[in-house]
Amino acid sequence: MKRNTFLKFMGLSGLSGLAAGFSPGLLSGLQKPYIKPPRLSKGDTIGLISPGFIIPERDRYGEIQETLQNLGFEIQVGKHALNRHGYFAGKDRERASDLNRMFRDPGIDAIIPFRGGWGSNRILQYIDFDAIGENPKPLIGFSDITTLLLSIYAKTGLVTFHGPVGKSEWTDFTYRHFRTAVMQCEGFSLQNPAVQPSIPIRTGRAEGPLLGGNLSVLTSMLGSEYLPDFEGAILFLEDVGEDVYRIDRMLTQLKLNGIFDQIGGLVFGQCTNCTPGNSYSFSLEEILDDHILPLNIPACRGAMIGHIDNMFTLPVGLPATLDAGSGMITFNEPAVG
């Protein structure tokens, strides 16, 4: 049953916030409501948008649409998604209008950006969060899309998904985990393959809402009204192309803003091409240990999260259990309704 039909059947049509959610839940202990979007099915329509950067290779847009169609989905491209305004796909208001329109359109079942990059922060002031709360549906992406994942969850309680964007590789691994999170109504677990295990920083178990995304993007949002409450959360982080000293600086920024004092567990994914800038630099592992070990919370590194071909899809805001010793993240309930 599609979302609009379900809401009308339940007498919820036209309501906002939690009442309009497809499958509301409550975080144990924290008493924070969250909303699950309807699950995606083959044959459903995915809306493709460009909230930030363009793709310079214009033929890639058609290839991305064909890839998703071959996976069994119908495609609708945002009105401004192929525009160009400098390095952005249209002006800020235009890019935001595509996002708003996709959420309002009952014919769109899920939303995936063509790519990440930069620019989502610039459209936050133009996003219609009330419309999003009234029309919950899966939003999937990573990197710069961290801005949208966290702000939408913070403003509406809607569970979003840290997963592939259109230009991702969509390997069998990536699609299998996408399907598990967004298309199946059952609980599930995420764990690295045995040939590439995650590494414990401090063993133990933690329970709480799973929150996080790209480290650079998250730190760029600090001090704004668009970040959720991290109290008791399991924080996950990833990044790409940053020298180790920059990772050190950003982790320090999280610490100084009190984020590390609030979280109950931490998962550091992949930091692709994050290398020491010189021979006397700390290693990334040393920096992680330096920041995370003193927190005395369950933590691990190396999870299949980030700018990699084979990636997990993680529901942002859904309650999770972290076993840092094995690197397993478990969701005892489905992420979709």
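Quantities reported herein were computed from a predicted structural model and do not represent experimental measurements.

**Here we look at the nonpolar core**
Piece 1. Ranked by internal contacts, the top residues of the largest apolar core, which has 104 residues, are Phe178, Leu235, Leu251, Leu254, Leu266 and Val267.
Piece 2. With six residues, the single largest contributor to this core is helix H6 (residues 172-183).
Piece 3. Residue contacts for Phe178: discarding those within four places in its chain leaves Leu40, Phe73, Ile112, Ile140, Pro164, Trp170, Met183 and Thr313.

**So, the side chain of Asn214**
Piece 1. Looking at the element boundaries, Asn214 is found in strand E10 (residues 205-214).
Piece 2. The class of Asn214 is buried, set by a relative accessible area of 4%.
Piece 3. What Asn214 contacts, discounting residues up to four positions off in sequence, is Ser143, Thr146, His162, Glu238, Asp239 and His307.

**Overview of the environment of Gly232**
Piece 1. Of note, Gly232 is situated in the loop between helix H7 (215-220) and strand E11 (234-240).
Piece 2. Along the sequence, Gly232 and Asp309 sit 77 residues apart, while their C-alpha atoms lie 30 Å from each other.
Piece 3. Residue contacts for Gly232: discarding those within four places in its chain leaves Glu207, Gly208, Pro209, Gln262, Ile263 and Gly264.

**Remarks on the sheet that holds strand E6 (residues 140-141)**
Piece 1. Judged by pairing direction, the sheet is mixed, and its three strands sit side by side in the order E6-E7-E14 without closing on themselves. Single-partner strands in this sheet number two, and they are E6 and strand E14 (314-316).
Piece 2. Pairing of E6 with strand E7 (residues 160-162) involves two bridges; the strand directions are parallel. Within E7, the residue paired with Gly141 across the bridge is His162.
Piece 3. In the packing of helix H5 (residues 146-156) onto the sheet, the strands contacted are E6, E7 and E14, and the crossing angle to E7 comes to about 150°.

**Topic: helix H2 (residues 59-70)**
An α-helical turn contains 3.6 residues, so any two residues separated by three or four positions project in the same direction.
Piece 1. Here H2 is 12 residues long and its end C-alpha atoms lie 17 Å apart, about the 16 Å a rise of 1.5 Å per residue gives.
Piece 2. Looking only at H2, the buried set comprises Tyr61, Ile64 and Leu68. Down the axis of H2, the buried side of the element spans an arc of 65°, and every buried residue falls inside it. Facing away from the buried surface of H2 by more than 90 degrees, the exposed residues are Asp59 and Asn70.
Piece 3. One or two steps after H2, the chain reaches Gly72, where phi turns positive at roughly 110°.

Rules and cut-offs
Residues numbered from 1 in each chain as written. Predicted model: local features only at pLDDT ≥ 70, side-chain atom pairs only at ≥ 80, totals over all residues. Heavy atoms only, no water. Core = buried A, V, L, I, M, F, W, Y, C linked by side-chain atoms within 4.5 Å. Buried < 20%, exposed > 50% of the residue type's maximum accessible area, 1.4 Å probe, protein only. Helix = DSSP H or I, 4+ residues; strand = E, 2+ residues; numbered from the N terminus. Contact = heavy atoms within 4.5 Å. Pairing = 2+ DSSP bridges. Axes fitted to C-alpha atoms, helices over the stretch in contact; angles between N-to-C directions. Expected span 1.5 Å × (residues − 1). Arc of directions from axis to C-beta.

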